[in-house]
Structure formats: structure tokens, C-alpha cells
Amino acid sequence: MILSDYILEIKNLYKEYTSKNITVKAVTDISFNIKKGETVGIVGESGCGKTTLGRCIVRGIPATSGQVLYTAEDGVTYDFLNIDKKKLKELRKDIQMIFQDPYSSLDPRMTVLNIITEPLKANFPKMKKSEMELRAAEIAEKVGLNPSYLKRYPHAFSGGQRQRIGIARALIINPRIIVCDEPVSALDVSIQAQVINLLKDLQRELGLTYIFISHDLSVVEHISDKVGVMYLGKMVEFAETEALFSKPLHPYTEALLSSVPVADPTVKMNRIPLKGEIPNPANPPSGCYFHERCSYCVDKCTKVAPEYREIEKDRFVACHRAEELKLKGFTYDEPKAI
Amino acid sequence: MVLQNVMDRNKRKEEEYYLASQWTLMRRKFKKHKLAMASLWVLGFLYFVALFGNFIAPYNLVAYNSKIVNAPPTKIHMFHEGKYIGPFVYGIKMERDPVSKRKMYIENKDEIYKIKWFTHGSEYKLFGLIKTDIHLFGVEQGGVVLLMGADSMGRDLFSRMILGSQVSLTVPFAGAIISFVLGIIIGGIAGYFGGAIDSVISRIIEVLSALPTIPLWMALSASIPPDIPVVRVYLYITIIVSFISWTGLARIVRGKFISMRKEDYIMAARIAGVSTWKIIIKHMVPGFMSYLIVSLTLGIPGMIIGETSMSFLGLGIRSPATSWGVLLQEAQEITSIAMHPWKLIPLFAVIITVLAFNFIGDGLRDAADPYK
Amino acid sequence: MDRKESIVQVNNLHINIKMDEGILTAVRGVTFHIDRGETLGLVGESGCGKSLTCKAILAINDPKCSTSGEILFNSDDGVVDILRLPPKGSEIRNIRGKQISMIFQEPMVCFSPLYTIGNQINECTRLHITKDKKKSREISIEMMKKVGIANAEKRYDQYPHEFSGGMLQRALIAMALVCNPKLLIADEPTTALDVTIQAQILELIKELQKELKMSVLFVTHDLGTVARMCDRVAVMYLGKIVETGPVEEIYLSPKHPYTIGLIGSVHKIGSKRKERLYSIEGTVPLALNLPAGCGFYDRCQCRIDGVCNVKEPEPVEVGPNHVVSCHAVGQKTGEEGHDIE
């Protein structure tokens, strides 16, 4: 067992679904690393496998193959996907998840108190009830819920408040990593800002590490330190946020960035048109999965799948022409302070 | 001041709503369904009558009187020759119609039998425990009171209908409980384990529900030995009735199991480390319980009709024990109905009960998902 | 109608919905107009009444809604008040689908899976343009080509399940535009689509608008798309329009505290990364038993006690075509907008 710089290393993760002799690769060979206290954003369009990836990492669904190396608090690294039951019981609470749909993620038949304390009951069966209630009240306060509301049922709350309940449930067992699966997509704009601010505050206060899955590029840009772009189950680019948004290296990233509607009527939009539509994941194209839609496609792209490689330090890309292409991204008005 | 009060009341109402559990919400929604509430009262009344059947019925199952074969309902009078003497009946006199030579029952105005409350009659055990001979009402010695006429053996139809309801109304309930247990266990196994077990169970369910119900019931009830005691017959019929209806429930349970496995809150519980068994007990079972109760309620009318039709065909409960189906046997022929229309009264009891259960099921279905 | 060039003028629209708990005042006095060839963006969060307003223009609201006010539409036969037309009469049917049409958020649920796409586009053509089968087919295919459906002749005979989400949305647009309407109501037309597809559809609507010279009422909660698409913006909150004005004005110098909050809460890529987003505290109240005064009072940072919670603010013109309903703005007209931080 090696001491690691990273709190989480995802190595060659695969997830395949087979039904009626058709195999669909939902997640193909994904590798990336996360440092403690960082936020890694995962973006991509619907069906690109980002949600599946998140669920595989937390062991919500079993991965087909690959490793998720987790360095626990004691400095020992475990493969989270292949630990025995006893160890899993111990480590499970370290990696938690926040869900997209604030309605289906809370059991309507339980009071908020029961929802929030459920992870406590599962992980600390010997804890006294009064202590649990105290913990729940504390955590409710922390996520901005009035503790006197704990006796209520979820139907008493709006989407934003429900999402806070979901966050409280994830936080109550002191996790170190939280996978946020589109946590604000279902919320109204003004509420989105509240929840994003809350997540940032909690991260600073508790030293949390986030994997932030979203299709909304502006939200991801705001919250993430690093961003990974997924296309058809594969990671096509992974880099520090500003580098990726200002100087994309993969043509898909460029197209994605150019499509974002910026909430400023004075900014002109130069959309790079994408040909066609996302191919069927059950029958992906040959070579580079993106070649049919790429305007920089050359002969090699149609035949050989590009390798996902580290082109500069902390910059990964899967494109044959990454070095030669000069792709456009966003211009940042001011250089970020050091 | 008034405004403040109104606002306070609204606040309180809101708070109550927020603190209301699923069942409270369901109850509230159900109460708004007028027809279902009315049906609940009707059924409550019917079951009350069935519970105190031996006390309410003036006669017992075996009592018969050959002098009143096929007698029409007796009229209850208050005044005799313009003089008030309280509720009473006249004696019954049989005569032959001079033309058709048919039996006719006319009132013998010379005989007066007063109706008495809480009189002594045949002995019975209330709730099967308390031995007594007190009946709610009866007439003085020598007279008969037939609120709904008599049958071809001279037995009081009113008493028989009330005593018959004890069978007709409880068989479906007992059947419901059996189907409930079978449905949850078998459907749960199919939904939880999935794969081959699921396929096998699903096929069995499909085959069972493809069988035509009535012939199957007939075949099954024909296998009940003819000489066993009434209680055992009752038991067999319950089992036969629930034999088909569990399949529908099992299907619902299986479907709910499968769809709920995909709910985010189940995933959340799993990620938090909650054990599978706890997830089933705490999240899944409460999740489909309301749906199960709805379909169970809607299944009861089928069972009532099942028992009634079996007895009607002579395959269920047999005389002198009775149920509504047995009573309707007498109404099999059109001539019998034409001449003694009161023999159809048990039919209305069946219709009212079935409708009431259906309305309640409707109300429950509307209330089952209070979050929508 | 005061303006000759207006295509539609909504005056003091009220929509109430009867519910078990009481009467929900979903739309409370909405007034706006759309000029010929103009795109008006109707922005607001869920439950602010924007969808009900749209449906009222087409007179397709649920019978449970009681609607009052007037919706003057400059139809082919002169100005009519849509609310006064018999809801099932021939006049409204002649307007609906032909002169005003609508595209919806979920293209999947707008098509019947039992009929081919062509069949369903054709329905509109045959109803309003020509009874001739061959000709209507030609018109429909022409329209499908116009909205960028490749292989339109072949696609015409395909069923909805053979189309992707983006293609279906294109087909829906084709269906809405085949009769060359004067006004297109687009209710969150791109919310269900991916970013790259969304951009395509938005461009398509814009191009077609220019080509067909129609007016568009663009309803959305996404401030990014509004900035792209609209000439003017009306911001709705709790059943009222709180601010309306040209798009640049609204984005660069918003006046109403709600608009300011809404625009501040969206992070702009490429801007200096701020630690925190501006956020409006609290949640949108349910429009049941609303207290007197401004609907935004509870969440507002600029509220004036004793004024805002007593009297509803009247609309005040703060610039050319820029109207705000806010007591705080009314008092300080001429000053700059409120500071965000």
C-alpha cells in the first residue's frame, strides 16, 4: 500500500450494461485523480455516462472493472471497489452522494429527522437517540434549515429546502468525499445560487472533496478546480478549470463551450456547429468516437481511437491532433489572482 | 384583530399539514371523497349487524314452520280498529285462492301478537361465547313476524339474511388476509431476487390468472368433501376464493419492488450503509402498502361475488347453514321470483355491499398517493 | 389597441385557480405587449405564472382557471379580444394554430406515438391551408427542410420514436410554423435539450423569425437564452411583471431588486471568479392568501417597512420603455440601480 498525494484515484473504470445480447458501454476506461479539498467537475451531455460514473464511484451500482483507490484518514490506500464487507462498512461513510431530484431522493413517508439520522443509525447503531437528535439539529443548522422543522415531513419543503435536507443527510456521518450528481439542475436560478454557495461554504469549513457532476457549464466553471469532459462514456479532456475553459484542447470541448448561452446580451456568440447528433452508445463509431461530428477530423481519427494522455502537467486529452490545433475558448477578463 | 386570528388559524393549519404523515394525509384526502365516506358508514352498519346477527335475528337458522311456507312479509300495525295498541302483527291464516287454488296468506284480524323488545327466544352464543336467549325483538307466543317473508321451507328470510351475512361478509375478509400474505411474500420474492426466480413466479402468476375463475372455483369446491362440518367448508371456501386474487397483489408487489429499487432514496440509503433488510422494511414495504390496500379493497367485491356464486351453484355453503348465495338459490326460477319477489332481497344486500366496497376502493385509490 | 404595430396586447390579466386550500392567485394583473417582429422574453422562476399567461393567450387554460382582463390580438380580421371569444368557437380555432402557435418544453409528449411525424405536421396544414393531400404534403416537407431536418421526404413517414430529442423539437417547430403564424409562443423550448442542441434550436428559431417576420413570446427561466434571443424582457415574480425593458437595459442596469438578484445569481463564464454567487434569500411563497403589499417584500433587501408591506407598487417608467414596479425604485428614480454586494 502506497502513500498517495490524492484522496481518490479512479483507474480504468468500466461499466457495461448487457441486455438481450447487446452490450452498452456506459463508462469506458475513465481515469482521473482528485486531491483532498478539491472540486472536480464532470460535464457532458445527457447519456454521456457522467451519472453512471458517479454512482460507480460511490458503489451505488457495481462497476464492471477498474479501481477506485481511496486514501483513508489513516493514510492507507484501499481499492474502494474491492474491499471486503467489514472494511466497506467502515469506509462507506467517507464517500457520500447528493442527488439531482430533490423529490425522489427523500422518502416521503419519513420525517426529516428520520431521513437525516438514517445514516447515523446505520453506521453507529449504539448511538443514543437523544445524541442523534442533537447531531441532526446541528447539521440542520449548518445547512440552513430551521431545526424546529425536523419533525416535519418532506412535503412541507420546497425544492431548495429539500436539497438542503439531502445535503444534511450526506453530511451527518462526516464524509470526506461527496459526489454531487446534478445537485442544482432541478432548482430555480435564485435557489441554485443558494445551494452552490452552501456547498462552497461547507467545503471550506469541513475540508470536503467534491466530484461535481453537471451539464451546466457555467455552474461547473464556478465551483470546480478541475474539470473533466465526457463524451459517449469516455473522458475526452481533463484539466484545471481556467485552462480548460480558456484553451480547450479537444474539439468537443470547444464545441460545447461555444454553445453555452452567456447571460450577457453584449457578448457575441460564435457557435462552432456540430455535425449530426450523439451516436447510439450501443453502436459507437470506429476510431475516435467524436470523429463523425468533428470539423478537424483527419483520416487517422476514423481508424484509431486516440489515447487518453497527459499532454502537459495536469492536462489530459484524448485527441490525435491536440498539439497542433488552436482551439477557441472563453476569454477571461482579468487574470485570476494568485 | 380578526385578520390576525384568521392568519393564525391559517398558520396552524399549515403547520398541521407539514407535520402530517402519509397516513394522516391519506385519511384527510379520503374524507373528502363523499361517496366513499358514505359507503364506509353503510359497510360499518352491515358489519355491525353481522356481528350482532344472532341477537338481531328473531329466529335461528334451523327454525321452520310448515304453516308459513313461502309466506309474504308480515305487516306491522300500530292501530287495531282505530285504537292505538303499539306495534303488533296479526296472525297468519292460509287460504286457497278460489280460482287458481294457490296458497294465499291473509291476516287473521282476530289474533293480535304484540311485538316485544328484548324477548326470550331460541338459545345462542353471542360472539360464540356468551350463552343467552335474548333477542332484539320478537312476538308473543303463537305469532310469527316475517320482515322479509319466508322461504319454501317456512324459514324467516330476514333472520337467514342476517345470519347469512356472517358468512358472506367475512369470507372475503379472511380471503383478503390470505391473499395479502401470499401476495407480499411471493411478489416480494420475485421482485427482490429477480432473475430466474422472478421469471418462474411471473409465469405461474400468468397461468393462474389466465384460468377462467368460475369453472376453477367450481372444480375446487367440488373437491370439498360433502360431509364435513360447516366451519371447515367455510375455511375451504376462503382458501379457494383467495386462490386467484393473490396473483394480482403479488404482481403489484413485484412491480413496486422493482420500480422502487431505482428510487433515489433507496440508493441514498444504500450508500449510507443501511442494510438491505432494513431498506425493505423501512422504505419499500411502507412505500407500496397504500397501493396494496387499495387493490385489496377493490378485490373484495370479486371475492364476495365468488362466494355468492359458489353457494348459488350449490358448491359452497350448504343448508341449513346459510349465506347470501344460498338464499339466492331459491330465486333461481323466474316463477319463484314472480310469485315471491321478496326472495330477491338478499340480492340487494349483495349489490349494496359490492358497491360500497368499490366506492371505498375508489376513495382509497384517490387518496393512496397524497403527494400528487 | 393603443399601438398600431402591436401584435398582441395583454391588459390587466388575472388568473385564479380554485384549489382545495383556497383560491390561488396565479396571475395578478399582467400587462404587456409584443410588437410586430419583436421577441419578448418572459422570465421567471417556476410557479410565477408565466406558463398560465401563455396558455391564456391561446385560450387553452384548464377550465378550473378563471381568467379576467383582456388579451387584444391583431388578427387577420382586425383586433379581437381572445378572452371574449367563445372558447370552442370557430374564431378562436381560426386563430389558434394558424395565427398564434406554440412550442412546448417536452417535444416527446407533444407527438402522438401512433402517427408519423409527417401526418401530425400535415394535420395543421390541412386544417388551415389546403385540403389537397398532395399539396399539403409538399408544404409540410418544405417546412421540415426549413427547420433543418435532413432527408425530409424520408423523415416525413417516420414515427416519433425514430427521432432524437433535438430532431423532435425541430419537427415541433415545423408543426408550429407550417401555417406561418403571426405570433409564436415558445414555452421553455430548449430546457429539456442538451447544450449543443439547445444552441442549434435557438439559432433556428431566430433565423425563422427573421424569415417569416413573426413575433415571438419566449418563455424561460434561463437568463442565458433570454440574453441570446430577446429584444425586450419582462421579469415575472409571483404572478406580476415586476420589471420590463430592452434586453441590454435589463442585463446591464436592472432596477428591481428581484431582477438584480436573478441576474446576480447566475455565474458568467469568463468573468472574474467570485467566491460566492449573489443569492436571493428565502423561497417563492405560494400564491394562496397573499398578504397585502409587494409580493417580493419578504425576500427583498431594499424593502421599506411601512411602505412595501402595505401598498402594492405601481409601475414607474425609469427609462425609455423600461418600467419597474418597486417602491424603492420609485423613490430614488434617477439614481443608479441598487448595489449587488
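For clarity, every value in this text was computed on a predicted model and none was experimentally measured.

Before going further, it helps to examine the overall build of chain C. Along its length, chain C carries 12 helices and 12 strands. For a compact globule of 341 residues, the expected C-alpha radius of gyration is about 20 Å, and chain C comes in at 21 Å, within 12% of that figure. Counting only C-alpha atoms and orienting by the principal axes, one finds that chain C spans roughly 70 × 50 × 40 Å. Scored against the burial criterion, the 341 residues of chain C give a buried share of 49%. Sequence-distant contacts, at least 24 apart, represent 63% of the contacts inside chain C between residues at least 6 apart.

Next up on the list: the overall build of chain B. Each helix and strand in chain B was counted, giving 14 helices and four strands. Projected onto its principal axes, the C-alpha positions of chain B cover 85 × 70 × 40 Å. Long-range pairs, those at least 24 residues apart, make up 70% of the contacts in chain B with a sequence separation of at least 6.

Quick look at the confidence of the model for chain B now. This prediction gives chain B a mean pLDDT of 82; 97% of its residues lie at or above 70. No element of chain B has a lower mean pLDDT than helix H1 (residues 2-18) of chain B, which averages 69, and none a higher one than helix H3 (residues 34-51) of chain B, which averages 91.

Attention shifts here to the interface of chain B and chain A. How large an interface is tends to be reported as the accessible area lost when its parts come together. Listed per partner, the contact involves 20 residues of chain B and 25 residues of chain A. Residue assignment for the side of chain B that touches chain A shows that the elements contributing at least two residues are helix H10 (264-271) and helix H11 (276-312) of chain B. Among the elements that make up the side of chain B that touches chain A, the one with the highest residue count is H10(B) (seven residues). Residues of the side of chain B that touches chain A, tallied by class, amount to 12 nonpolar, five polar and three charged.

A few words on the interface of chain C and chain A. At the interface, 37 residues of chain C touch 42 residues of chain A. Among the elements of the structure, helix H8 (195-212), helix H9 (223-229), helix H10 (247-252) and helix H11 (257-264) of chain C are those that each provide at least two residues to the side of chain C that touches chain A. Here the residues of the side of chain C that touches chain A are counted per class, giving 13 nonpolar, 15 polar and nine charged.

All names here are of chain A. Sheet architecture is open: eight strands sit in the order S6-S7-S8-S3-S9-S10-S12-S11, paired in mixed fashion. Both outer strands of the open sheet, strand S6 (95-98) and strand S11 (309-312), are each paired with one neighbouring strand and no more. Pairwise comparison of adjacent strand axes, ignoring direction, gives a mean angle of 25° for this sheet. Across five bridges, the pairing between strand S7 (residues 177-181) and strand S8 (residues 209-214) is parallel. Directly across from Asp181, in S8, lies its bridge partner Ile213. Sitting on the sheet, helix H1 (residues 50-57) touches strand S3 (39-43), S7, S8 and strand S9 (226-231), and the angle it makes with S8 is about 150°.

Residues and elements named next belong to chain A. Burial of H1 is extensive: eight of the eight residues sit out of reach of the surface. Where H1 is concerned, the buried positions are Lys50, Thr51, Thr52, Leu53, Gly54, Arg55, Cys56 and Ile57. Immediately downstream of H1, the backbone of Arg59 shows phi near 65°, a positive value.

Turning to the pairing of strand S11 (residues 315-319) of chain C, a few remarks are in order. All names here are of chain C. Inspection of the sheet shows S11 paired to strand S12 (residues 322-325) by four bridges, in the antiparallel sense. Looking across to S12, one finds that Val316 is bridged to Val324. What sits between the antiparallel neighbours S11 and S12 is a turn of two residues, in which Asn321 has the positive phi angle 60°.

Turning our attention to the packing of helix H5 (residues 159-171) of chain A against helix H6 (residues 189-206) of chain A. Residue and element names in this part refer to chain A. Across the interface, H5 lies against H6 with an axial gap of 9 Å and an inter-helix angle of 20°. As summarised for this structure, H5 and H6 are arranged roughly parallel, according to the angle between their axes. Helix-helix and strand crossings are classified by hand; for H5 and H6 the assignment is right-handed. Within the contact between the two elements, H5 uses Gly159, Gly160, Gln163, Arg164, Ile167 and Leu171 and H6 uses Ile191, Gln194, Val195, Leu198 and Leu202. Its residues assigned to classes, the contact of H5 with H6 comprises six nonpolar, four polar and one charged.

Here we take up the packing of helix H6 (residues 171-193) of chain B against helix H7 (residues 195-210) of chain B. Residues and elements named next belong to chain B. Orientation of H6 relative to H7, taken along the N-to-C sense of each, is 140°, at an axis distance of 7 Å. The interaxial crossing formed by H6 with H7 has left-handed handedness. In this structure, H6 contributes Ile186, Ile189, Ala190 and Phe193 to the contact, and H7 contributes Gly195, Ile197, Asp198, Ile201 and Ser202. Tallied by class, residues from the contact of H6 with H7 come to six nonpolar, two polar and one charged.

Residues and elements named next belong to chain C. Pairing is antiparallel in the open sheet, where four strands are placed in the order S2-S1-S4-S5. The sheet is open, and its two borders are formed by strand S2 (22-35) and strand S5 (78-81), each paired with just one other strand. Averaged over all adjacent pairs, the angle separating strand axes in this sheet is 5°, with direction ignored. In this fold helix H1 (residues 50-58) packs onto strand S1 (6-19), S2 and strand S4 (65-75), with an angle of close to 115° to the strand it touches most, S1.

This paragraph deals with the environment of B:Ala176. Note that B:Ala176 resides in helix H6. Along the backbone, B:Ala176 and B:Thr238 are 62 residues apart, and their C-alpha atoms lie at a distance of 8.8 Å.

Time to look at the environment of C:Val324. Within the secondary structure layout, C:Val324 lies in strand S12. Spatially, the C-alpha atom of C:Val324 lies 39 Å from that of C:Met167, the residues being 157 residues apart in sequence.

All names here are of chain C. Because side chains alternate across strand S6 (residues 100-103), one face comprises the buried residues Ile100 and Met102, and the other comprises Ser101 and Ile103, equally buried. The sheet contact formed by S6 and strand S7 (residues 183-187) spans four bridges and is parallel. Following the sheet pairing, Ile103 is matched in S7 by Ala186.

To continue, consider the confidence of the model for chain C. Averaged over every residue, the pLDDT of chain C is 85; the share at 70 or more is 94%. In the model output, the complex is listed with pTM 0.81 alongside ipTM 0.85.

Attention shifts here to the nonpolar core. Membership of the largest hydrophobic core comes to 279 residues, with the highest contact counts inside it found for A:Ala168, A:Ile211, C:Ala171, C:Ala174, C:Leu217, C:Phe218 and C:Val235. Those residues within four positions of A:Ile211 in sequence are excluded, and the remaining contacts are A:Ile34, A:Val40, A:Ile42, A:Gly54, A:Ile57, A:Val179 and A:Cys180.

Rules behind the numbers
Residues numbered from 1 in each chain as written. Chains lettered and ligands numbered in written order. Predicted model: local features only at pLDDT ≥ 70, side-chain atom pairs only at ≥ 80, totals over all residues. Helix = DSSP H or I, 4+ residues; strand = E, 2+ residues; numbered from the N terminus. Rg over C-alpha atoms; globule rule 2.2 N^0.38 Å. Buried ≥ 20, exposed ≤ 12 C-beta atoms within 10 Å, placed from the backbone. Contact = placed C-beta atoms within 7 Å. pLDDT = per-residue confidence, 0-100. Nonpolar A, V, L, I, M, F, W, Y, C, P; charged D, E, K, R; others polar. Pairing = 2+ DSSP bridges. Axes fitted to C-alpha atoms, helices over the stretch in contact; angles between N-to-C directions. Parallel < 35°, antiparallel > 145°, perpendicular 65-115°, else oblique. Left-handed = near helix turned anticlockwise from the far one by under 90°. Core = buried A, V, L, I, M, F, W, Y, C linked by C-beta atoms within 7 Å.

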